[in-house]
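Here is how the chains run, residue by residue.
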Amino acid sequence: MYLKHMRPYQLKQAVERDDPLLVPAGCIETHGPHMAIGHDTIIVEEICARIAEEINVVIAPSFDYGPTGYALGGPADGTIDPDYAAFGAHVKAILKNFLEMGFKKIYVIIMHQGMEAPLALAFKKAASELAFELILEQGYPRGWWGDKALMEKVGPIWGHIDVQPMILPDASPPAGGDHAGYNETSFLLATRPELVEPARLEGDVPWYCRQHEEKNSWTANAAHGQVMVDAVVNAWIKKISPS
Ligand SMILES: [Zn+2]
């Protein structure tokens, strides 16, 4: 179920059921001449939609404008790079609201630049700061950590917001990453084929399209994409509802 579509009573029911909140986070970044520049967010949204077909989850509106560092081009190429401090403040404010809605388990899902990059770190930093700040906001006194009774009342500190790569270890292999190459092009061919134009792969094509002799943007295919999608979705379902 999409958070944007919910009526307040449905939100209340989801919170009471302890439904996890899935938060797609990505960026606008050039992905070669053949692929949609929103790929890294779109593929997470497609995975979330498939998870939601199997188990009860709520899907938050995506964070579309994450940091890119202009590593693969500038705005004219289709890449946006926000002010990092502003992005981090925005992320923290919205994550706080998700917690205040009552969600106890929030998964931020990322398919862009890895877990030590500015995008993932913005979410991790916000999560760890909120873990402390919200306890003080609830009126607990400074020094609560040392008080056994208060600690029990506070409950688990960490883990309410879990920032993870879209491809969990259980899904790799068969799933893998790259940039607009064999894997990402296949992911999009399997989920949103109308957003891929293989015929555009001619002339001055960027280096990342041909990183491998046999497995590259040209040989990408929906069958490989589907195998990866299935593995990624299954790994997430196993993580979220292990029973
Ligand atoms: Zn990508």
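Report follows, based on the coordinates.

Parameters at a glance
- Each chain has its residues counted from 1, running along the sequence as written.
- Under the rules for a predicted model, residues below a pLDDT of 70 receive no local features and side-chain atom pairs below 80 are neither given nor counted, while totals for whole chains, interfaces and linings still include all residues.
- No hydrogens and no water enter the side-chain calculation; it runs on all heavy atoms of the structure.
- Basic side-chain nitrogens of Lys or Arg form a salt bridge, by our definition, when they fall within 4 Å of a carboxyl oxygen of Asp or Glu.
- Helix and strand assignments come from DSSP, with helices taken as H or I runs of at least 4 residues and strands as E runs of at least 2, each series counted from the N terminus.
- Working definition: with a 1.4 Å probe on protein chains only, accessible area under 20% of the residue-type maximum means buried, over 50% means exposed, and in between means partly exposed.
- Contacts are assigned to residue pairs that have any heavy atoms within 4.5 Å of one another.
- Ring pairs are drawn from Phe, Tyr and Trp, using the six-membered ring of Trp, whenever the two centres fall within 6.5 Å, and their geometry is named by plane angle: stacked under 30 degrees, edge-to-face over 60, tilted for the rest.
- In the cavity and pocket records, a cavity denotes points on a 1 Å grid over the protein atoms alone where a 1.4 Å probe fits but cannot get out, a pocket denotes an open set with protein on both sides within 12 Å along at least 5 of 7 lines, and lining residues are residues with an atom within 4 Å of a point.
- Grid points are joined across faces, edges and corners, and a volume is the space filled by probe spheres set on the points.
- Note on residue categories: nonpolar means Ala, Val, Leu, Ile, Met, Phe, Trp, Tyr, Cys or Pro, charged means Asp, Glu, Lys or Arg, and polar means any other residue, Gly included.

A few points about the pattern of salt bridges
Using the criterion set out here, one finds 15 salt bridges in the structure. As a salt-bridge pair, Glu129 and Lys92 come within 2.9 Å of each other at their nearest N and O atoms. Placement of Glu129 in helix α4 (residues 118-137) and of Lys92 in helix α3 (residues 84-101) is noted, with a sequence separation of 37 residues between them. Overall, Glu129 belongs to the partly exposed group, its relative accessible area being 25%. Salt-bridge contacts for Asp170 lead to Lys238; the nearest nitrogen and oxygen are separated by 2.8 Å. Note that Asp170 is positioned in the loop between β4 (161-165) and α6 (182-191) and Lys238 in helix α7 (residues 222-240), a separation of 68 residues in sequence.

Some points on the side chain of Glu184
By the element assignment, Glu184 lies in helix α6. With residues up to four places along the chain from it excluded, the contact list for Glu184 reads His31, Met35, His39, Asp40, Met111, Asp178 and His179.

Digging into the packing of aromatic side chains
Given two aromatic rings, their pairing is described by the distance between the two centres and the angle made by the two planes. Inspection of every chain in the model, using the stated rule, returns 7 aromatic pairs. Measuring from centroid to centroid gives 6.2 Å for Phe87 and Phe123, while their planes differ by 75°, and the two rings are edge-to-face. A residue pair is termed long-range when its members are at least 10 positions apart, and Phe87 in helix α3 and Phe123 in helix α4 qualify at 36 residues. A relative accessible area of 0% means that Phe123 is categorised as buried. Feature note: the residues Phe132, Trp144, Trp145 and Trp158 constitute an aromatic cluster, connected by ring pairs.

Overview of the layout of surface pockets
Its volume calculated, the largest pocket comes out at about 440 Å³. Lining the largest pocket are 21 residues, with Leu99, Leu134, Gln138, Pro156 and His160 positioned closest to its centre. Mapped onto the lining of the largest pocket, the elements with two or more residues apiece are α3, α4 and α5 (148-154). For the lining of the largest pocket, the leading source of residues is α4, giving 6 residues. Per-class residue counts for the lining of the largest pocket are 13 nonpolar, 5 polar and 3 charged.

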